[in-house]
Amino acid sequence: MKFQDKVVLVTGAGSGLGEEIAMHFAKEGASLILNDIDQENLERVATQIAETGRRVVCVPGDVSDPEDVNRTVEMGIDAFQQIDILVNNAGIADTIIPTIEQDIQHWQKVIDIHLRGSYLFSKTVGAHMIKNGSGKVINISSIVGMVGLPGRNAYGAAKAGMIMFTRSLASEWARYGINVNAVAPGYIKTPLVRNLLSKTSVVEDKLIRRIPFGKLGEPSDIAHAVLFLSSDQAAYITGACLPVDGGWTAFGGSGDANEL
Ligand code: NAP
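Residues numbered from 1 in each chain as written. Predicted model: local features only at pLDDT ≥ 70, side-chain atom pairs only at ≥ 80, totals over all residues. Heavy atoms only, no water.

Caption draft 1: Representation of the site of the ligand in the model. Neighbouring the ligand are 30 residues; Ser15, Asp36, Tyr155, Ile188 and Thr190 lie closest to it. A distance of 3.2 Å separates a nitrogen atom of the ligand from a polar backbone atom of Ile37. Contacts to the ligand include Lys159, whose side-chain N or O atom sits 2.9 Å from an oxygen atom. In isolation the ligand has 880 Å² of accessible area, and contact with the protein removes 89% of it. Looking at the shell around the ligand, the elements that each hand over two or more residues are helix H1 (16-27), strand E2 (31-36), helix H4 (104-132), helix H5 (153-173) and helix H6 (191-199). The element contributing the most residues to the shell around the ligand is H6, with three residues. Classifying every residue of the shell around the ligand by side-chain character gives 14 nonpolar, twelve polar and four charged. (Near = heavy atom within 4 Å. Polar contact = N/O pair within 3.5 Å; in protein donor to acceptor, adjacent residues only side chain to side chain. Areas by Shrake-Rupley, 256 points an atom, 1.4 Å probe, with all protein chains shown as cover. Helix = DSSP H or I, 4+ residues; strand = E, 2+ residues; numbered from the N terminus. Nonpolar A, V, L, I, M, F, W, Y, C, P; charged D, E, K, R; others polar.)

Caption draft 2: Structural detail: helix H8 (residues 219-229). Within H8, the full set of buried residues consists of Pro219, Ile222, Ala223, Ala225, Val226, Leu227 and Leu229. Here the buried face of H8 lies against H1, strand E4 (85-88), strand E5 (135-140), strand E6 (178-185) and strand E7 (241-244). (Buried < 20%, exposed > 50% of the residue type's maximum accessible area, 1.4 Å probe, protein only. Contact = heavy atoms within 4.5 Å.)

Caption draft 3: Broad picture of the pattern of salt bridges. Counted by the stated rule, this structure contains three salt bridges. A salt bridge links Arg71 to Asp68; the shortest N-O distance between them is 3.1 Å. Here Arg71 pairs with Asp68, and both are found in helix H3 (residues 66-80), just three residues apart, close to one helical turn. Glu218 serves as the salt-bridge partner of Lys189, at 2.6 Å between the closest nitrogen and oxygen. With Lys189 in the loop between E6 and H6 and Glu218 in the loop between helix H7 (204-209) and H8, the pair connects residues that are 29 residues apart, well separated along the chain. (Salt bridge = Lys/Arg side-chain N within 4 Å of Asp/Glu carboxyl O.)

Caption draft 4: Region of the structure containing the sheet that holds E2. Within the open sheet, the seven strands sit side by side as E3-E2-E1-E4-E5-E6-E7. Their pairing is parallel. Single-partner strands in this sheet number two, and they are strand E3 (56-60) and E7. Averaged over all pairs of adjacent strands, the angle between their axes in this sheet comes to 15°, without regard to strand direction. Two elements, strand E1 (residues 7-10) and E2, share four bridges in a ladder whose sense is parallel. Looking across to E2, one finds that Val7 is bridged to Ser31. (Pairing = 2+ DSSP bridges. Axes fitted to C-alpha atoms, helices over the stretch in contact; angles between N-to-C directions.)

Caption draft 5: Highlighting the packing of aromatic side chains. What the rule picks out here adds up to three aromatic pairs. Plain terms: the ring middles of Phe3 and Phe25 are 5.0 Å apart, the flat faces sit at 80° to each other, and that makes the pair edge-to-face. A residue pair is termed long-range when its members are at least 10 positions apart, and Phe3 in the segment before E1 and Phe25 in helix H1 qualify at 22 residues. A relative accessible area of 3% means that Phe3 is categorised as buried. Judged by its relative accessible area of 0%, Phe25 is buried. A centroid spacing of 6.2 Å and a plane angle of 65° characterise the contact between Tyr187 and Trp248, whose relative ring orientation is edge-to-face. Residue Tyr187 is located in the loop between E6 and H6, and its partner Trp248 is located in the segment after E7; the two are separated by 61 residues in the primary sequence. Residue placement shows Arg210 over the ring face of Trp248; its charged tip is 4.2 Å from the ring centre. (Phe/Tyr/Trp six-rings, centres within 6.5 Å; stacked < 30°, edge-to-face > 60°. Lys NZ or Arg CZ within 6 Å of the ring centre and 35° of its normal.)

Treat this as a map of the structure, not an account of what it does.
Here it is as C-alpha cells:
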C-alpha cells in the first residue's frame with residue numbers, strides 16, 4: 001500500500017470528488033482527516049473509511065471560516081501528530097447567469113470557499129509541514145480556471161486564482177521539501193455536475209460532443225491524478241496544474257471535437 005504511513009486531510013470529503021479521493025487514499029493505507037460542511041454526508045464517508053480498517057477523524061466545518069479550519073487541523077494533529085498530504089477540494093458551483101444579474105453575495109461565497117478556503121487550510125497545515133520538512137498540497141482547480149466561460153466569472157476567477165496560488169506556494173515552499181500542485185478537472189460525474197446539468201442552461205449532449213474523449217469523466221479519474229501527485233513518483237513536480245478533462249482544454253474549437 002502506497003500511503004500506509006501517511007495522514008491525508010481532504011476538504012469537501014462528504015460528496016463527489018472529495019469522497020472518491022478520500023476512499024482511494026484509504027484503500028492505499030492512509031489515515032484520514034475529513035472536512036465537509038454537510039455533517040451527515042461527512043459521517044457517512046467516515047463510516048465507510050472506518051470499515052476499511054483505516055483510522056479517520058471527521059470534523060464538520062466551513063473551509064472559509066478560520067476557526068473551523070484551525071479546529072480541524074488541531075483535531076487532526078491531536079489524533080495523528082502529523083499531516084502529510086492536504087487536498088483542498090471543497091467547492092460549490094456558479095449560478096451561470098449573466099454578470100449584471102449576479103448577486104454579489106454569491107460571487108463572494110464562491111471566491112471565499114475555493115480561494116480563501118484553500119489559503120486558510122494551506123497556511124494552517126503548511127505550518128506543520130514546514131516543521132516536518134515535507135508535505136504535499138493538492139489544490140482542486142478546474143478547466144474553468146484555464147479558459148473564459150460566460151457567466152462563470154466568480155468560479156473562473158476563484159479557480160484561476162487557485163492555479164496562481166499553487167505556483168506561488170510551490171515556489172515558496174520547495175525549500176521546505178513541500179510539493180504544491182493543482183488538478184484541473186473537466187466535467188466529472190458528481191452531484192455538482194448533475195446539478196449544473198439539471199439547473200442551468202448547460203446541455204449534456206452538447207457538452208459531451210465538445211470533449212475529445214466523448215464522455216464525462218469518472219471521479220476515479222481525478223482521484224488517480226491526486227494520488228499520483230501525492231506520491232514519490234511526483235517528487236520533482238511542483239507548481240504544476242494538471243488538466244484531467246478528456247482533452248477538453250486541448251481542443252480549440254467550439255462544436256464537435258470529433259468532427260474533422
Ligand atoms: P460536490 O459533489 O458538490 O462536493 C463538494 C463538497 O464540498 C460537498 O459535500 C459540499 O457540501 C462541500 N462544501 C461546499 N461548501 C463547503 C464549505 N464552505 N466548507 C466545506 N465543505 C463545503 O462537488 P464535486 O464535483 O465533487 O467538486 C469537488 C471540487 O472539484 C470542487 O472544488 C469543484 O469546484 C471541483 N471541480 C469539480 C468538477 C466536476 O466536474 N465535478 C470540475 C472541475 C472542478 P454541500 O453539498 O453541502 O455544498
